[in-house]
Every structure is written in C-alpha cells, then in structure tokens.
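A structural walkthrough
Below, each chain spelled out in residue letters.
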Amino acid sequence: MARAGWKFNPYHHRIPEALERARHPVPPADTEWPVWEVFRQPERGEPHVHVGSVHAPDAQMALVLAKEQFSRREPCVQLWVVRAEAIFATPYEDADIFEPALDRTYRLAAGYKVRPRINQAASSSEEPSS
Amino acid sequence: MTQAQLEARRLERFEARVARGEKVEPGDWMPEEYRFELARLIHNHANSEIMGALPEGSWIPYAPTLKRKMALTAKVQDEVGHGHLLYRVAETLGKSREQMLEELFSGKAKFSNVFHYPAETWADVGIIGWLIDGAAIVNQTMMAQGSYGPYSRALKRICAEESFHIKHGYDIVVSLATGTPEQRAMLQDALNRWWEPIMMFFGPSDKRSVHTEKLVRWRVKLKTNDEQRQEFLRKFVPKIWELGLSIPDPNLYIDEQGTVHYTEPDWDQFLTVVRGGGPMSQARLATRRLAWEENAWVREALALAEKRYADFPIA
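Residues take numbers from 1 onward in each chain, read along the sequence in its written order. All chains are assigned letters beginning with A, and all ligands numbers beginning with 1, in the order in which they are written. Only residues with pLDDT of 70 or above have their local features reported here, since the model is predicted, and side-chain atom pairs are shown and tallied only from 80 upward, although totals for entire chains, interfaces and linings are computed over all residues. The side-chain numbers reported here are obtained from all heavy atoms of the structure, hydrogens and water having been left aside.

**Thoughts on the overall build of chain B**
Helix and strand definitions here come from DSSP, where helices need a minimum of 4 consecutive H or I residues and strands a minimum of 2 consecutive E residues; each element is numbered from the N-terminal end. Each helix and strand in chain B was counted, giving twelve helices and two strands. Counting from the amino terminus, helix and strand elements in chain B follow one another as α-α-α-α-α-α-α-α-α-β-β-α-α-α. Taking 20 Å as the expected radius of gyration for a compact globule of 315 residues, we find that chain B reaches 21 Å, a close match to that expectation. Along the first, second and third principal axes, the C-alpha set of chain B runs to 75 × 60 × 40 Å. Looking at chain B residue by residue over its 315 residues, the buried ones come to 55%. The criterion used for residue contact is that any of the two residues' heavy atoms lie within 4.5 Å. Of the contacts formed within chain B by residues at least 6 apart in sequence, a portion of 76% connects residues at least 24 apart. About 14300 Å² of surface is accessible on chain B, with carbon and sulfur atoms providing 57% of the total. His is not counted here, nor are the chain ends, while Lys and Arg score as positive and Asp and Glu score as negative. Where a charge lies is defined by one atom per residue type, namely NZ (Lys), CZ (Arg), CG (Asp) and CD (Glu). Separation of charge centres in chain B, based on 41 positive and 43 negative side chains, amounts to 4 Å. The globule rule used here is 2.2 Å times the number of residues to the 0.38 power, and the radius of gyration it is set against is calculated over C-alpha atoms. To sort residues, take the accessible area from a 1.4 Å probe on protein chains only and compare it with the maximum for the residue type: under 20% means buried, over 50% means exposed, and anything in between is partly exposed. In this description, accessible areas are obtained by the Shrake-Rupley approach with a 1.4 Å probe, and a residue is regarded as covered only by the protein chains that are shown.

**Some details on the side chain of Glu49 of chain B**
Residues and elements named next belong to chain B. With respect to the secondary-structure elements, Glu49 resides in helix H2 (residues 32-57). By convention in these notes, a salt bridge is any Lys or Arg side-chain nitrogen within 4 Å of a carboxyl oxygen on Asp or Glu. With no salt bridge to any partner, buried Glu49 finds its closest opposite charge in Lys75, at an N-O distance of 7.5 Å. Residues adjacent in sequence count toward polar contacts only when both atoms are side-chain atoms; beyond that, a polar contact is any pair of N or O atoms within 3.5 Å, and within protein one must be able to donate a hydrogen and the other to accept it. Looking at Glu49, its side chain comes within polar contact range of the side chain of His45, at 3.1 Å. The contact partners of Glu49, leaving out residues within four places of it in the chain, are Glu79, His82, Gly83, Leu86, Gln140, Ile158 and Glu162.

**Notes on empty space enclosed by the protein**
All names here are of chain B. Buried and open spaces are told apart on a 1 Å grid over the protein atoms alone, a cavity being a set of points where a 1.4 Å probe fits but cannot get out and a pocket being an open set with protein on both sides within 12 Å along at least five of seven lines. Residues with an atom within 4 Å of a point are the lining residues. Grid points are joined across faces, edges and corners, and a volume is the space filled by probe spheres set on the points. A full pass over the atoms with the stated rule returns three cavities of 30 Å³ or more. Volume-wise, the largest cavity comes out at about 40 Å³. In terms of lining, the largest cavity is formed by Leu38, Met143, Gly146, Ser147, Tyr148, Tyr151, Ser152, Arg219 and Val220. Here the residues of the lining of the largest cavity sort into five nonpolar, three polar and one charged. Nonpolar residues are Ala, Val, Leu, Ile, Met, Phe, Trp, Tyr, Cys and Pro. Charged residues are Asp, Glu, Lys and Arg, and all others, Gly as well, are polar.

**Description of unusual backbone geometry**
Residues and elements named next belong to chain B. In this model, Arg219 sits at a positive phi of 55°, which is unusual for a non-glycine residue. Examined against the element boundaries, Arg219 turns out to sit in the loop between helix H8 (212-217) and helix H9 (225-242). Judged by relative accessible area, which is 28%, Arg219 ranks as partly exposed.

**Considerations on the environment of Thr263 of chain B**
All names here are of chain B. Position of Thr263 among the secondary structure elements: in the loop between strand S2 (260-261) and helix H10 (267-277). For Thr263, a relative accessible area of 35% gives the class partly exposed. On a C-alpha basis, the gap between Thr263 and Glu103 in space is 34 Å, while along the polypeptide they are 160 residues apart. Other than its neighbours up to four places away in sequence, Thr263 contacts Asp249 and Asn251.

**Details of a negative patch on the surface**
The patch calculation keeps residues exceeding 30% relative accessible area without a salt bridge and links them within 9 Å when they carry like charges or within 5 Å when they are nonpolar (Val, Leu, Ile, Met, Phe, Trp, Tyr). Taken together, Glu93, Asp94, Asp96 and Glu99 of chain A make up a surface patch of like negative charges. Looking at the element boundaries, Glu93 of chain A is found in the loop between strand S3 (78-83) and helix H3 (115-125).

**Describing helix H5 (residues 122-143) of chain B**
Residues and elements named next belong to chain B. The length a helix should cover is 1.5 Å for every residue beyond the first. Along its 22 residues, H5 runs 31 Å from first to last C-alpha, staying within 8% of the 32 Å computed at 1.5 Å per residue. At Ile128, H5 shows its strongest bend, of approximately 30°. Most of H5 sits inside the fold, with 20 of its 22 residues counted as buried. Working definition for bend: take the seven residues up to and ending at a residue and the seven starting at it, fit an axis to each, and measure the angle between the axes.

**So, the side chain of His55 of chain A**
Tracing the backbone shows His55 of chain A in strand S2 (residues 49-55). In this structure the side chain of His55 of chain A is engaged in a polar contact, spanning 2.7 Å, whose partner is the backbone oxygen of Trp33 of chain A. A polar side-chain atom of His55 of chain A sits 2.7 Å from a polar atom in the side chain of Glu91 of chain B. Setting aside anything within four residues of it in sequence, one finds His55 of chain A in contact with Glu32, Trp33, Pro34, Val35, Trp36 and Leu65 of chain A together with Arg88, Glu91 and Arg97 of chain B.

The following block contains the structure:
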C-alpha cells in the first residue's frame, strides 16, 4: 500500500519544529487595517455592484486583494474600492421614510390610462348604422 | 415601559421578522445569544476553511499531472478565499480577525473534525474533494437560507465554488476507480479511513445536540444534524456503490423509502478530536501558526507600502 506517500508532505519534516515553536508563540503584529468595500463592474456599460470587502493598508493594496478575492471566475472589467467609513447609510429602522405618504400614481407611466378613454370616445361618436 | 418590557418587545419584533424570512443585518438589534451563537458558528466555519487548505495544499507539489496541480491549487486558493470572506462576516459580529486567529491557535476556537486527520495518499485528495466538499455543500446551501444577511450572501458565492471542488474530487475518484488494481485499492483504503470522520462531519446526533430548537427558530440553522447527515447519505451512498467501492459500515443499508440506516458514530471520540485530540490536531495548528509567524514580513511590507490611489476618474 502506498501509505508512505504522505511523507512527501512538504510541511511534514517541519512539524516537529512547528510544534516546538508553538510553545513560544510570537504575538501577532497589528494588521487590523481599514476595511474597503469592493464594487465589481462585470462589463463596460454595466453598473458597479457591491460584492464584499477586504482589509488593506491602502487603496492600491485593497485593489490587489479585491482582484484576488472577487474576480477569480466572475467577469470583471473594473473594480472600485471605497473606505467603508466613507459610506453613509439610512438606518433600517427608518425604512418607513421610503413609504409613499400619498397616492403617487401621478408620478408613474402606469398611472395614466388613455386607451379606454379613446375607445369610449370613438364608440360614442360613431353614427348608429340604420 | 421598563427595560425588560422593551427587551421583550424587541425580541418579539426580531422573531417576527426572522419568521417572515427577512434577513438580519449587522447594525440591527439582535438577541445577545443570537449574536454569540452566530459568531461562534461563523468563526468555526472560517477556521475550517483555512485549516482545510493544509491537508490538500501539502499535495500540490505531488499532484500527478499539471492539470491536476492547477485545479488543486485553484481549489486551495478558493478555500483560503472562503476563509477571508467568512472572517469578514464574523467580524461584523464583534471580534477582530486577529482575535479570531489567536483563539484558533490557542485551541479556544474549533475547526471541523475532518481536518484533524492526515491526508496520506493522492486518493485522499479525491475523497476530500468529493465527499467532504459534498457534505459541506449540503450544510452550506442550507445555511445560505439562514437569517443573517452577510453570512447568507457569502455562502451563495462559496457554494458556487464548492460545486467545482466536488466535481474535481469526483473526477479524481473516478480516475482511480476505473484505473489499475493498485489505484482501486488506494481509493478503497482512503474511503475506509475517511468514512468515520465524514459520518461525524455534521456533528452529534440530535439526541445529544443542545440548543438546536432555538437556533432553528432563529434560522441560524435550518435542519438538524441528523437531517443533514441523512440528506448527504441519500445523495452519495448510491454514487459510492456505483463505483464498486464498499462502505466500511456493516450496518449500512437503504430501506424501501430510501432512508439510509447506519452505525451511530462514536460521539465521545468526535468530541476528543475537535477539542484538539485528533491524530493531526496539534501538528496542523502548529503548522498554521508557523505559516502565520513566518509570513509576518509580508504583512509588514504591505503596511509600509507607499500610499497610492487610483489616478483615473471613476464614475
């Protein structure tokens, strides 16, 4: 049986060293970089759509990381990154501000029905055929 | 209104929203227990993605063909990418990435039981891709219907990539199953070793699992562990048999209704493994920590990079 195969594991020979070093851990350096929201444009002319976020020290690195993370398979012609703290949002609790206070059909094409009126006018002006 | 009444009203409104199938977003009020359970679950999931990259990543240099090497590299990159997405999601619930990594290294936070075992042969790479990613997708398509918006959105993307992993794993398994007697024996050996960890993948039986009822009501979970295990078995047992492989469980059979009956896994052993007592638990954690420490220079270099911004107009 080819069980010996797992000894090819490149990390295998380092496991004793890794275990030894884990006894004296080095505290992680501060890499809590700012969050950048990522917007992907699938093709020219299409809108940029929010696809997620990355941590990065600056915009250039945010673009590099966003490319790796959000365009591995999906079509993409451009990425935008925006500092998360630059985004202002309305609170969900106030979603009622978007509810129409009045009947708003006067703003909509569907609020105007002309065909029935034309048909009605046409039929009432027709001469009765003897 | 007293504080207690206010809390009760908030909880009532929260539960009604979840029951309507609405998503919960990071800024929304949520019960502390919901936040805690979800953060724990997503943190474990993120850990499993980056720990899962280790057994497979170590096989990249020994992939049998260039095409297999490229596909396996892509899969491992996807898993690390999933880790990134999920740590970002978990961060919206309060902890920093560094805190979460420190909790992983110190053994305070767990990762999936299946990554506490060695990947001994190339056939293991096929079995992991096909059956473990196959089990993961049963769990993750369910979780994508869950109530937490950021998790649900990340999982939709993750599931799309997992389907490539499963197909590639299946392709490796079929190559070995239709290959030489030695290849078939290697594949059967891998299945024999992986079957029990895979049966444990969805976690303890409902009879032993705590908290399930509330988590189902809050749509943190949508199916119990046993329901997910059953769904996985119904899907994969016939496919395993179709390849002429045998499943190392003498009590396993499918009844007339299509229900798969099986030997209940040893849940005490499962707990020992996920608490760091598995054959590779400490070696994997030490390897992950070593990689974190040795790559510190990359993070330091990135942090010092000259600040440059896009110099073309965008809008």
